[in-house]
Amino acid sequence: MDYTSSEELCPVCGDRVSGYHYGLLTCESCKGFFKRTVQNNKGYVCVENQKCRIDKAQRKRCPFCRFQKCLKVGMRLDAVRANRMRGGRNKFGPMYKRDRALKQQRKAQAEALLASPREPTDSTDYVYSELHYGPLGDCRGPGQPRVPLFVLELVRCDPDEKVVQSKIRQSLQQHKLQWKKPGSPSLFSIMFVLAEQTLLSIIEWARTSVFFRQLQVSDQMTLLHNCWSELLLLDLISRQVLKGKEGHFFSSLDMKDGPGAGSGALLECALSSQYMGRFTQLLQCMSEIHFMSTLVEDYLWSKHESGEVLCNSLLIEMLHAKRSGI
DNA sequence: CATCAAGGCCAC
DNA sequence: GTGGCCTTGATG
Ligand SMILES: [Zn+2]
Ligand SMILES: [Zn+2]
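Residues numbered from 1 in each chain as written. Chains lettered and ligands numbered in written order. Predicted model: local features only at pLDDT ≥ 70, side-chain atom pairs only at ≥ 80, totals over all residues. Heavy atoms only, no water.

Trainee: Honestly, the coordination of the zinc ion (ligand 2) in this entry has me stumped. Any pointers?
Mentor: Coordination angles at a metal have ideal targets, namely 109.5 degrees for four tetrahedral donors and 90 or 180 degrees for six octahedral donors. Protein coordination of the zinc ion (ligand 2) is provided by Cys46 (SG), Cys52 (SG), Cys62 (SG) and Cys65 (SG), with donor distances spanning 2.2 to 2.4 Å. For the zinc ion (ligand 2), the four donor atoms in the first shell make angles of 106 to 113 degrees at the metal, a pattern classed as tetrahedral. Within one chain, the residues serving as donors to the zinc ion (ligand 2) are arranged as C-x5-C-x9-C-x2-C. Overall, Cys52 belongs to the partly exposed group, its relative accessible area being 25%. (Donors = N, O, S within 2.8 Å, 3.2 Å for Na, K, Ca; no water. Tetrahedral: all angles 85-135°; square planar, octahedral: opposite > 155°, others 65-115°. Buried < 20%, exposed > 50% of the residue type's maximum accessible area, 1.4 Å probe, protein only.)

Structure representation (structure tokens):
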């Protein structure tokens, strides 16, 4: 199989993937490392903080952290055979097949969307679902973790996701109907509507949230003006993390003129967040999110100046407020 | 018979 | 120990 075409990287060290190994796509070296470690019951010790960065250049330096990362990304101990029996297939065979089919299907969809910039194909539904605005699954996860009371209070103020989604769907439908230019709505216009409506729901959420609603309105405005783009990004990223296993949309989208062309940073952020639920790690992401938000704002501003965006939009209004306020 | 992931081999 | 390449063998 040829994995060179698809931009698949080893989730452990970032090296080139050579196939499915012990549960997922990894490189040849991590396959061998995992095998040796499990077969020989190797015990490693980390001489640092057990948080060593594992990449292609440094993976040899700390076997402990490397093995820890192998387990973290989902390599399966039970795929290493105790009998050392060679060849054949194990119980993961069907899973590999399904995963492969899924990846290929997604890739084909993305390519179809990108290969037809002028086609009358309507990408509204595709973008909507690919950004994980789709039907809400169980995002809470199985085990109910212990949560501080004030967080519960905040969560209680959450708007009904179904209501939010139905509003967004209505806006998209309306956008589709009102599209005057020939062909179907452009990718940018679709994402603009999505962002606009999402921002509306975010502001509505903020205004009704406990604590925030007790602030003076002028302070509320100042806060929102200052961080609306970060909130939008957080909303977007959280959708990818909670609902999407792979962020193929962005990696394949690579909006040529988009914010931070080939915005790998956001994708990395979303993907790596998949396994980090901790506050400190979230904080570490914030600087990156802030950086992305500046790119997003610059991008929107350029679109606005070139007249490709309606002036009476909330997004542009927020942009103006922020730029004039600073 | 082709596939392809699992184990084996062995220069480095 | 590492990792590129080889051999194996159940599955479809
Ligand atoms: Zn690797
Ligand atoms: Zn370490």
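After that view of the structure, there is still more to cover.
Trainee: What's the story with the pattern of salt bridges in this structure? I'm lost.
Mentor: Between side chains of opposite charge, a pair can form when the charged atoms approach closely. Summed over all chains, the structure comprises eleven salt bridges. We note a salt bridge from Arg59 to Asp15, for which the minimum N-O separation is 3.0 Å. Note that Arg59 is positioned in the loop between helix 1 (28-39) and helix 2 (63-73) and Asp15 in the segment before strand 1 (19-21), a separation of 44 residues in sequence. Take Arg59: its relative accessible area is 14%, and that puts it in the buried class. Exposure remark for Asp15: the relative accessible area of 16% places this residue in the buried category. A salt bridge links Asp78 to Lys91, with the nearest nitrogen and oxygen atoms 3.2 Å apart. With Asp78 in the loop between helix 2 and helix 3 (93-115) and Lys91 in the loop between helix 2 and helix 3, this residue pair connects regions lying 13 residues apart in the sequence. With a relative accessible area of 41%, Asp78 lands in the partly exposed category. Given the relative accessible area of 60%, Lys91 is considered exposed. (Salt bridge = Lys/Arg side-chain N within 4 Å of Asp/Glu carboxyl O. Helix = DSSP H or I, 4+ residues; strand = E, 2+ residues; numbered from the N terminus.)

Trainee: Explanation requested: the packing of helix 1 against helix 2 in the structure shown.
Mentor: In a pair of packed helices, the angle between the axes and the distance between the axes together describe the arrangement. Two elements in contact, helix 1 and helix 2, have axes whose closest approach is 11 Å; the angle formed by their N-to-C orientations is 100 degrees. Taken together, the axes of helix 1 and helix 2 lie roughly perpendicular to each other. Mapping the contact onto sequence places Ser29, Cys30, Phe33, Phe34, Thr37 and Val38 in helix 1 and Pro63, Arg66, Phe67, Cys70 and Leu71 in helix 2. Residue composition of the contact of helix 1 with helix 2, grouped by class: eight nonpolar, two polar and one charged. (Axes fitted to C-alpha atoms, helices over the stretch in contact; angles between N-to-C directions. Parallel < 35°, antiparallel > 145°, perpendicular 65-115°, else oblique. Contact = heavy atoms within 4.5 Å. Nonpolar A, V, L, I, M, F, W, Y, C, P; charged D, E, K, R; others polar.)

Trainee: Can you walk me through the environment of Glu317 in this structure?
Mentor: The residue Glu317 is located in helix 12 (residues 314-325) in this model. What makes Glu317 exposed here is its relative accessible area of 51%. Taking the C-alpha atoms as reference points, Glu317 and His225, 92 residues apart in sequence, are found 9.3 Å from one another.

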